[in-house]
Amino acid sequence: MQQPAPSASLLVRAFARLLARPIWPGLVLALVTLLALWQATQIRVAVDLSGLIGSGTEGARAIDRYSARFGPLTAEEVLLVRAPDLASEAGLAALDDLVLDLQFVEGVQQVISLAGLPAPGREGAWLSGPELADLPPAGRLATMRRESPLAAQLINEGLTATLIVVAPERGQGGDAFAARLAETAANTPALATEIVGLLAVQRAIARELIHDLGLLVPLATLICLAFTALLFRSARAVVVIALPPITGLVWFFGALGASGTPIDPLMGSLPVVLIVLAFSDSVHVYHAAIHALRRGMAPRPALARALAETAPAAALTSLTTILAFASLALPDSPSLNRMAWAGGLGMALCLASVLLMTPVLMRLLDRPRAGTRAPRLFRGLVPGARALARHGRLVALLAALVLAGLWALQSRSDLGFRYGDYLPRGAPVTEALAIMDAEGLGADRMLVVVEDDPAAPLDRIRAATRVLYGSDAFARGAAGEAMLARMASRDGGAHALPVQLPIAASDVRADQALAALEARLAEAGLAGVTQIVGPGYALLTEGPRIVESLRWGLYSTILAITLLVALVHRSLRLGLLALVVNLIPILGVEAWLVLWGRELTIMNMIALTVAFGIAVDDTLHLLNRLRLARGSTARRVDRALVEAGPPMAATTTILFAGLAVTLASALPGLAVFGGLIALAVALALAADLYLLPGLIRWSLR
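Residues numbered from 1 in each chain as written. Predicted model: local features only at pLDDT ≥ 70, side-chain atom pairs only at ≥ 80, totals over all residues. Heavy atoms only, no water.

Visitor: Hey, could you run me through the packing of aromatic side chains in this one?
Guide: When we look at a pair of aromatic rings, we describe it by the centre distance and by the angle of the planes. Summed over the entire model, instances satisfying the criterion amount to 6 aromatic pairs. Aromatic side chains Trp552 and Tyr555 sit 5.5 Å apart centroid to centroid with 90 degrees between the ring planes, which places their arrangement in the edge-to-face category. Placement of the pair is Trp552 and Tyr555 together in helix 19 (residues 535–568), with a separation of 3 residues, close to one helical turn. By relative accessible area, Trp552 is classed as exposed at 55%. Look at Tyr555 and you get partly exposed, because its relative accessible area is 36%. (Phe/Tyr/Trp six-rings, centres within 6.5 Å; stacked < 30°, edge-to-face > 60°. Helix = DSSP H or I, 4+ residues; strand = E, 2+ residues; numbered from the N terminus. Buried < 20%, exposed > 50% of the residue type's maximum accessible area, 1.4 Å probe, protein only.)

As structure tokens, this is what we get:
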């Protein structure tokens, strides 16, 4: 019989010591967990969608250039004000009162509204001035919409909804500032006022993230606990299996709290992913221990050997997922880079918890015992897999056909960005944004920087105003020139024209309105002399580039994991077989997105990358059992299926059910994130059970 490798013997001795003297290691682990619980109280949620954009990106550099020429951009609050009829004396009086009250809110620097628009040719308000005094309220508002492009951006055609933009003083923005605005608006009951815009969206996302952390993580844990109890039918077994993953998650939260790392929308599903993956490792370890006790060895040596045999596979599966997370560090994106670090750290902590706590709990709780029977729940999947594996050539042909079909579908995928992925379903801000979309009002304030022509300084400005506002009257006459002077750069070489674009609350690509605007500028011959600037613009334009970077990160992850499998098993052939079966779930998910009519967004690409790191887990456990088995290739494949097949199915069920809870999130991006990974692990199980064994027998015959 082949002697165990020195490293395996070292692992056996290490686990044997933990099994022999569990008290002191258990106390140390308990102390570490208590410390982590204390630090976990420092966790905070922070949402800043602009954090997706790194300082070195073109969108961020454009904002820097604007700030140098015009002054710093401020994070403005946008208020949607509605009334059954603003075009009445009572409606206009209430609006005037609201604007006046907002100007006296602590921290307000400027209020932009219909009531504050200057009259043509003079200082002072237009709406309440002598020019419109003889007109009825509806006539005043209609005249302003017709003659002022700025007014047309601030009130809808039906004269029932208007926007008020509030710019805070430097250092005065934030949740407290928004709360003061909301409190002030509530004092005008004749008007229905809601805070909308990017800042309001981010606050709504933060509230939903806090809700998800308090609901989805415990729900995923309960599902894993219930399935473990159904599978092993022993309270002590459930404790041995469940306590290490839960402890690992506590360590992860403690690390986030201690390091001051906030949880943002990209990381919202990460705790669920970590807990279900840790449960998966724990089930594999416990299942291996049951099989080891049936070999006739004394319990303690048998458990030590089982742990030593399973630990490398568990470490390797964690390493592949860590590699997947590490690829998120490639794009110039602070949010993605933070998730890369947090995901890798979380995987390492959960693995350490499973490998260190499991032997201690096995010894203290005396589980599993000699004579414990392996669960029978998924044994029925093994005979079919063994039978199909005998037809290696047929399996190889089937795998080639599946890959070709999925590849053809995947090649039709497109890149995109949707605000809908981040807008909480059913939230007041989402409903308000939908109303604004329907009314043609835009909550995302951008600026179009127009470079002046020294020979004819106002020609380009007038052409741009025709594109943006439908008329160049805004840029003519003394009043227009006075207004334009307020929009001039410090160096006098450019003007910044404001434009309101929608934050699409409906499920459409977020850049539709922006693309239409850029096309109109190009048709007017202004493409080379205009630049759109703003946080929203940077997000929309850099989003697809981030997706492209993530795609290359996925390719690098696939290459790295393929080489890792080949190196560990000392077989390039096995590495390529692992690549084939694990491309199927990834291509399958991309094909599903194409059939569903969805683009590859940032959240979708993160899901695909993480899914590949997870999908390879079953492959690694099967190959690990193949390595430990003895005899001909056919006998080794059969033995690997018998020992690894049921726990693979059990852990996939845990992963699928645990990740599926994210579908309950009101944040569509997080729901899709967990759903896509769940789909990938289900496809991975099918490929590993019904394709990989046949490919091994055909390739290694």
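And the narrative resumes.
Visitor: When you look at unusual backbone geometry in this model, what are you seeing that I'm missing?
Guide: A negative phi angle characterises most non-glycine residues, just as the trans form characterises most peptide bonds. In this structure, the amide linkage connecting Arg367 to the following residue, Pro368, adopts the cis form with an omega of 0 degrees. Assignment of secondary structure puts Pro368 in the loop between helix 12 (334–365) and helix 13 (381–389). Of note in this structure, Arg233 is not a glycine but carries a positive phi near 55 degrees. In this fold, Arg233 is placed in the loop between helix 8 (198–232) and helix 9 (235–259). Given a relative accessible area of 68%, Arg233 falls into the exposed group. Although it is not a glycine, Asp366 sits at a positive phi angle of roughly 55 degrees.

Visitor: Mind showing me how you'd approach the environment of Ala161 here?
Guide: Position of Ala161 among the secondary structure elements: in strand 3 (residues 161–168). Judged by relative accessible area, which is 3%, Ala161 ranks as buried. The sequence separation of Ala161 and Asp85 amounts to 76 residues, and the corresponding C-alpha distance is 8.5 Å. Beyond its immediate sequence surroundings of up to four residues, Ala161 is in contact with Leu80, Val81, Arg82, Leu86, Leu154, Ile155, Asn156 and Leu441. (Contact = heavy atoms within 4.5 Å.)

Visitor: Mind showing me how you'd approach empty space enclosed by the protein here?
Guide: Once rolled over the atoms, a probe with the size of a water molecule shows which space is left empty. Evaluated as defined, the whole model comprises 7 cavities of 30 Å³ or more. When its volume is computed, the largest cavity comes out at roughly 100 Å³. Every residue along the wall of the largest cavity is listed here: His284, His287, Ala288, His291, Thr310, His621, Asn624, Arg625, Glu643, Ala644 and Pro647. Looking at the lining of the largest cavity, the elements with two or more residues in it are helix 10 (270–293), helix 21 (602–628) and helix 22 (633–660). Top contributing element to the lining of the largest cavity by residue count: helix 10, with 4 residues. Here the lining of the largest cavity is built from residues that sort into 3 nonpolar, 6 polar and 2 charged. (1 Å grid on protein atoms, 1.4 Å probe; cavity = no way out; pocket = protein on both sides within 12 Å on 5 of 7 lines; lining within 4 Å. Points joined across faces, edges and corners; volume = space filled by probe spheres on them. Nonpolar A, V, L, I, M, F, W, Y, C, P; charged D, E, K, R; others polar.)

Visitor: Could you clarify how one ought to interpret the sheet that holds strand 4 (residues 192–196) in this entry?
Guide: Sheet strands pair by backbone hydrogen bonding; their relative direction is either parallel or antiparallel. Within the open sheet, the 4 strands sit side by side as 2-3-1-4. Their pairing is antiparallel. Edge positions in the sheet fall to strand 2 (108–112) and strand 4, since each of these pairs with one other strand and no more. Adjacent strand axes in the sheet meet at a mean angle of 25 degrees when their direction is disregarded. Sheet topology note: the strand 1 (residues 77–82)/strand 3 ladder contains 6 bridges and is antiparallel. For Val78, the partnering residue across the bridge sits in strand 3 and is Val165. This element, helix 8, spans strand 1 and strand 4 of the sheet and lies at about 80 degrees to strand 4. (Pairing = 2+ DSSP bridges. Axes fitted to C-alpha atoms, helices over the stretch in contact; angles between N-to-C directions.)

Visitor: I tried to follow the side chain of Arg203 on my own but got confused; where do I start?
Guide: By secondary structure assignment, the location of Arg203 is in helix 8. Setting aside residues up to four positions removed in sequence, Arg203 forms contacts with Glu77, Gly174, Asp175, Ala178 and Ile195.

Visitor: Can you help me understand the sheet that holds strand 6 (residues 494–501) in this one?
Guide: Taken in spatial order, the 3 strands make up an open sheet running 6-5-7, and their pairing is antiparallel. The outermost strands of the open sheet, each flanked by one partner alone, are strand 6 and strand 7 (530–533). The sheet shows a mean angle of 25 degrees between the axes of neighbouring strands, taken without regard to direction. Pairing geometry for strand 5 (residues 444–451) and strand 7, over 4 bridges, is antiparallel.

Visitor: Got a minute to help me understand the pairing of strand 6 in this structure?
Guide: With respect to burial, strand 6 is a largely interior element, 8 of its 8 residues being buried. Neither face of strand 6 is open: one carries Ala494, Ala496, Pro498 and Gln500, the other His495, Leu497, Val499 and Leu501, and all of them are buried. Summarising the sheet, strand 5 and strand 6 pair through 8 bridges and their orientation is antiparallel. In the strand pairing of strand 6, Met446 is matched with Val499.

Visitor: Even after reading the chapter, I still don't get helix 11 (residues 299–326), so can you show me in this structure?
Guide: Residue pairs three or four apart in sequence face the same way in an α-helix, which turns once every 3.6 residues. An ideal rise of 1.5 Å per residue puts 40 Å on 28 residues; helix 11 measures up with 39 Å between its terminal C-alpha atoms. The largest bend in helix 11 amounts to roughly 30 degrees and is located at Thr310, with the proline Pro312 lying one to four residues further along. (Expected span 1.5 Å × (residues − 1). Bend = angle between axes of the 7 residues up to and from the residue.)

Visitor: Help me out: how do you make sense of a positive patch on the surface in this one?
Guide: A cluster of basic residues, Arg294, Arg373, Arg376 and Arg379, forms a positive patch at the surface. On the secondary structure map, Arg373 appears in the loop between helix 12 and helix 13. Since its relative accessible area comes to 55%, Arg373 is described here as exposed. (Patch = residues over 30% accessible without salt bridge, like charges linked within 9 Å, V, L, I, M, F, W, Y side chains within 5 Å. Areas by Shrake-Rupley, 256 points an atom, 1.4 Å probe, with all protein chains shown as cover. Salt bridge = Lys/Arg side-chain N within 4 Å of Asp/Glu carboxyl O. Lys, Arg positive; Asp, Glu negative; His and termini not counted. Charge placed at Lys NZ, Arg CZ, Asp CG, Glu CD.)

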